[in-house]
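Architecture and fold: a report
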Amino acid sequence: MARQCPFSPPPELTEIQAEDPVRRVSLWDGSHPWLVTRHADVRTVLADQRFSADTTKPGYPPSSPGQLARRKDSPSFISMDDPDHAFFRRMLITEFSVRAVKNLRPMIEEAVDELLEAMAAGPQPADLVEAFALPLPSLVICRMLGVPYADHGFFQSHSHTIIDTRSTVEETLTASDELKGYLEGLVAHREERARAGEEVDDLLGRLAARHVVTGEITREQAGAMGLLLLIAGHETTANMIALGTLTLLRDPEHAARVRSGESVSGAVEELLRLLTVVHLGRRRVATEDVELGGVLIRAGEGVIAAGEIANRDPEAFPAPDELDVERTPNHHVAFGHGVHQCLGQQLARAELQVAYPALLRRFPDLRVAAPVEDIPFRDTMVVYGVHELPVAW
């Protein structure tokens, strides 16, 4: 479904939500999963473990041939059900807890200041994606994992290929295999240090220790967890920084409130709701017959929980198409819901809460240096946003 406005979901989704909120749709592979569009129903699907996240189960609705091949070739724990999903997730919970992220905040603030100073010293117009939005979360997740930021060109280009729905099966698997090999190499290096009795204070080091010391996981599993965190840790937040900034610059009143430090947390939550950059739906397959919204979904049938339109449901959000930084409550599903809710949500929030006001304060006259119709939006990517955003000040 094509967008008519780059800041809103496709209008067909609005019509479906109002008239036929649980209905069949057609996918690229000829399958006909159920599309779920109302906020309450989406939360039900994501919280009910009768809807499986296992991409290898028959009936699971893939977003593209490349995504299907990659998930079957090297599934990550977010594509598993409990107890396997819970087993791996528990290893990472403390790494992304509120307390852990609070301890990271000074590092995030320092990275923001350094990037903005470099941007100020550079030419105008600048590409906000290249100068700020992409480097910030990449730097942060690299430091957390222990991945050399000097390799950012390598992992960013491979990540881009993996999440582009136009990538062929061969392109997707090649990019995935090369990134897996890279991460497993970093884990292997830390295993050597662990065997030598050294303590490595980064996330990959702690995963390597689980392999060497306790034998809980394999090197391949540690590398797969690192790969997931590396991709998810920079793609989503980078696009929220750029797309959120573009949205704020189109709304000077809200931009001024964020610049002053007023309602920053509220603005972040509202931008997450309004933009919902994970825009192709969270996908599941029913493991038994379930009635949802008056419709019987049978075991083996695929389900797409469309968070992007659920976050615009007027039954859950009054005036859902408006940016309201004072909106309370704001039970958006931008991070998903249930046991698979995004592990890194507190880190993403912290990065956005630091990035938006700092950028707007450092450049009080920041403006978009191109017409909206000339900005390349990421319509074909698993994560929505902009490929580049020229700005001046």
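Here, the structure is the one placed above.
Everything quoted here is computed from the prediction, not taken from an experiment.

Points about the overall build of the protein chain
Counting secondary structure elements, the protein chain contains 15 helices and ten strands. For the protein chain, the spread of C-alpha atoms along the principal axes amounts to about 55 × 55 × 40 Å. Taken over 393 residues, the protein chain has a buried fraction of 53%. In the protein chain, 72% of the contacts between residues at least 6 apart in sequence involve partners at least 24 apart. Looking at charge distribution, the protein chain has the averaged site of its 39 positive side-chain charges lying 3 Å from that of its 58 negative ones.

Describing a negative patch on the surface
Residues Glu12, Glu15, Glu19 and Asp20 make up a contiguous surface patch of negative charge. With respect to the helices and strands, Glu12 occurs in helix α1 (residues 11–19).

Section: the sheet that holds strand β2 (residues 34–36)
The strand order across the open sheet built from five strands is β1-β2-β8-β5-β3, with neighbouring strands paired in mixed fashion. Strands with a single pairing partner mark the edges of an open sheet, and in this sheet they are β1 (22–24) and β3 (51–52). Pairing analysis gives two bridges linking β3 to strand β5 (residues 282–286), with the strands arranged antiparallel. By the bridge assignment, Phe51 is partnered in β5 with Ala286. Against the sheet, helix α2 (residues 39–47) contacts β1, β2, β3, β5 and β8 (302–305), and its axis sits at roughly 125° relative to β8.

Describing the sheet that holds strand β4 (residues 126–127)
Strand order in the open sheet formed by three strands is β4-β10-β9, with antiparallel pairing between adjacent strands. Whereas interior strands pair on both sides, the edge strands pair on one side only; in this sheet they are β4 and β9 (367–368). Sheet topology places β4 next to strand β10 (residues 390–392); two bridges connect them, and they run antiparallel. In the strand pairing of β10, Ala126 is matched with Val391.

Examining the pattern of salt bridges
The full count for this structure, using the stated rule, is 20 salt bridges. Across the pair Arg206 and Glu95 runs a salt bridge, and its minimum N-O distance is 2.7 Å. Separated by 111 residues along the polypeptide, Arg206 in helix α10 (residues 203–214) and Glu95 in the loop between α4 (84–90) and α5 (98–121) bring together distant segments of the chain. Among the residues examined, Glu95 registers a relative accessible area of 13% and is labelled buried. Here the salt bridges do not stand alone but share partners, grouping Glu95, Asp201 and Arg206 into one network.

With respect to the packing of α5 against helix α7 (residues 135–145)
Here α5 crosses α7 at 140°, and the two axes come no closer than 10 Å. For the element pair α5 / α7, the angle class is oblique. Regarding α5 and α7, the two cross each other, and that crossing is right-handed. Contact residues: α5 offers Leu104, Met107, Ile108, Ala111, Val112, Glu114 and Leu115, while α7 offers Pro135, Leu136, Leu139, Val140, Arg143 and Met144.

Observations concerning the packing of aromatic side chains
Per the stated rule, a full pass over the model turns up five aromatic pairs. On the numbers, 4.6 Å between centres and 45° between planes, the contact of Phe363 with Trp393 is tilted. Taken together, the residues span a long stretch of sequence, with Phe363 in the loop between α15 (345–362) and β9 and Trp393 in the segment after β10 at a distance of 30 residues. Assessed through its relative accessible area of 2%, Phe363 is described here as buried.

Criteria and thresholds
- Note that residues are indexed from 1 along each chain, following the sequence as it is written.
- With the structure being a predicted model, the display of local features is reserved for residues of pLDDT at least 70 and the display and counting of side-chain atom pairs for 80 or more, all residues being used for whole-chain, interface and lining totals.
- Water and hydrogen atoms play no part in the side-chain values, which are based on all heavy atoms of the structure.
- Secondary structure counts use DSSP, requiring at least four H or I residues in a row for a helix and at least two E residues in a row for a strand, with both numbered from the N terminus.
- Buried, partly exposed and exposed residues are distinguished by accessible area as a fraction of the type maximum, computed with a 1.4 Å probe on protein chains only: under 20%, between the cut-offs, and over 50%, respectively.
- For this analysis, residues touch if any pair of their heavy atoms sits within 4.5 Å.
- His residues and chain termini do not enter the charge count, which takes Lys and Arg as positive and Asp and Glu as negative.
- Where a charge lies is defined by one atom per residue type, namely NZ (Lys), CZ (Arg), CG (Asp) and CD (Glu).
- Residues qualify for a patch when their relative accessible area is over 30% and they have no salt bridge, like charges being joined within 9 Å and the nonpolar side chains of Val, Leu, Ile, Met, Phe, Trp and Tyr within 5 Å.
- Methods summary: accessible areas were calculated by the Shrake-Rupley approach with a probe of 1.4 Å, and residue burial reflects only the protein chains presented.
- For this document, the term salt bridge refers to a Lys or Arg side-chain nitrogen within 4 Å of an Asp or Glu carboxyl oxygen.
- A pair of strands is treated as paired once DSSP finds two or more bridges between them.
- Here an angle of 0 to 180 degrees is reported between the N-to-C directions of two axes, which are lines fitted to C-alpha atoms, with helices fitted over the stretch in contact.
- Angular relationships are summarised with four words: roughly parallel below 35 degrees, roughly antiparallel beyond 145, roughly perpendicular across 65 to 115, and oblique for the angles in between.
- In this scheme the handedness of a crossing depends on how the near helix is turned from the far one: anticlockwise by less than a right angle means left-handed, clockwise means right-handed.
- Pairing of aromatic side chains requires ring centres within 6.5 Å, counting the rings of Phe and Tyr and the six-membered ring of Trp. Pairs whose planes differ by under 30 degrees are stacked, by over 60 edge-to-face, and all others tilted.

Function-wise, these values are silent; they only describe arrangement.
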